[in-house]
Amino acid sequence: MASVETSLDSTVARSQLALEGLEEPLQVFTLGNRRGTQVQLADLGASLLSVHTADRNGRRGNILLTYGDPSHWLDNSWFLGVTVGRVANRIGRARFPLGEGEVQLPVNDGENHLHGGPQGLGTRRWSASPGPGAAVTFRCESADGDGGYPGRVEAELTYRLSEEDELTLEYRARSDCRTPISLTNHAYWNLAAGGSILDHELQINAAQYLELDSGLVPTGQLLNVDSTALDFRRPKPIGRDIDRQPGGYDNYWVVERTGDKALKSIASLWDPLSGRRLEVISSEPGVQFYSGNFLDGTRNRADGSPMAHRSGLCLETHGFPDAPNHSEFPSVMLEAGEEYRQTTIYRFSAK
């Protein structure tokens, strides 16, 4: 493993990380601003590798789970930090109707298809173009039939870090035929930069969530959060009700149902220990909150501590899960020649 860094300008630096199993070194980019916030990205999966921000006392720490052994990025079964797709979340029974027929996808989650399958976009090398400013644009071409999906797709993702400590992710995609597209980032957040996320306080601006079957696939029913463990309309510690939710949280909250692409406040996460806050703003209709239920401590973080059960959480903004199988859900189908657009903003602060 070797790293060579070159400065592109005052806000972007590029380095290369040679890993056994990769013909070409990993391309790594570091975005920075005058507040000292640093965001590290990689071309493998157009990934978000690390985010270093200050706590209430000005001490900086990495608020993402980051593999201590870089070789684990090549066997990333937890989807740490990658761009997942072509369709994020689950597609039930790994198939969906299209036209007069049915599309069969590879299975990688029980009998279901998860996050684009075993060879989804998160496993691909994306081309990268730094700048202008503290920004990098990643591009990926996905051939017709890639991962079982119809249509040739050109996908693009721009990361941009502002001086106001906002990290904006702007997704774009086009296809040459009708096909589903629903992208997201699968970063695991821990605002304390260590330990558990159970004391983090979470607010989700949603009164409804999707009912799931035993395979965590939506049934099609929307349920109210009233008097349930999934009521996060007011901030509360994640650990308060987690034992009331079998297996922990791995659910989709519905913020709005119209398919409106206006930016809206989705969620807010606060760590009382460090004072760090993360606000999630997005054009998407809802969010999948996953409480790190399958993290098992078999891999370590960059600081050497184990990625233990519930040591990180995901707030994945994307379209409704299994939408291609539910005509009553907002559509995730992209028509030929049209453009898929998605924007998500992570706003960092401390108090």
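On a predicted model such as this, the values are computed, not experimentally measured, just so you know.

*Asks:* Would you mind going over the confidence of the model for the protein with me for this structure?
*Replies:* Low-pLDDT stretches of the model should not have their predicted coordinates read in fine detail. The predicted model of the protein averages 95 in pLDDT, with 97% of residues at 70 or higher. Counted against residues more than four places away or in other chains, residues 1-9, with its pLDDT under 50, gives 25 contacts.

*Asks:* Is there a simple way to think about the nonpolar core in this case?
*Replies:* General note: in soluble globular proteins, nonpolar side chains tend to be found buried as a group. Counting residues in hydrophobic clusters, the biggest one holds 56 residues, and the most contacted among them are Leu48, Trp189, Trp253 and Phe289. It is strand β14 (residues 153-161) that contributes the most residues to this core, 5 residues altogether. Leu17, Val28, Trp78 and Cys314 belong to the second-largest nonpolar core, a separate cluster that totals 17 residues.

*Asks:* Sorry, what's going on with the pairing of strand β5 (residues 47-54) here?
*Replies:* Two faces belong to every sheet, and in a regular strand the side chains alternate between them. Of all 8 residues in β5, 6 are buried; the element is thus mostly enclosed. The turn joining strand β4 (residues 38-42) and β5, which pair antiparallel and follow one another in sequence, is formed by 4 residues; a positive phi near 75 degrees is taken by Gly45. Two elements, β5 and strand β6 (residues 60-62), share 3 bridges in a ladder whose sense is antiparallel. If you follow Thr53 over to β6, its bridge partner there is Gly61. Where β5 folds back on β6, the antiparallel hairpin that results is connected by 5 residues, among which Gly58 adopts a positive phi of roughly 85 degrees.

*Asks:* When you look at the packing of aromatic side chains in this model, what are you seeing that I'm missing?
*Replies:* One pass over the full model with this rule turns up 15 aromatic pairs. An angle of 55 degrees between the planes, with centres 6.4 Å apart, marks the rings of Tyr249 and Trp253 as tilted. A relative accessible area of 0% places Trp253 in the buried class. Put simply, the rings of Phe232, Tyr249, Trp253 and Phe289 pair up and form one aromatic cluster. A cation over an aromatic ring shows up here: Arg299 above the ring of Trp78, its NZ or CZ 6.0 Å from the ring centre.

So, how was this worked out
Residues numbered from 1 in each chain as written. Predicted model: local features only at pLDDT ≥ 70, side-chain atom pairs only at ≥ 80, totals over all residues. Heavy atoms only, no water. pLDDT = per-residue confidence, 0-100. Contact = heavy atoms within 4.5 Å. Core = buried A, V, L, I, M, F, W, Y, C linked by side-chain atoms within 4.5 Å. Buried < 20%, exposed > 50% of the residue type's maximum accessible area, 1.4 Å probe, protein only. Helix = DSSP H or I, 4+ residues; strand = E, 2+ residues; numbered from the N terminus. Pairing = 2+ DSSP bridges. Phe/Tyr/Trp six-rings, centres within 6.5 Å; stacked < 30°, edge-to-face > 60°. Lys NZ or Arg CZ within 6 Å of the ring centre and 35° of its normal.

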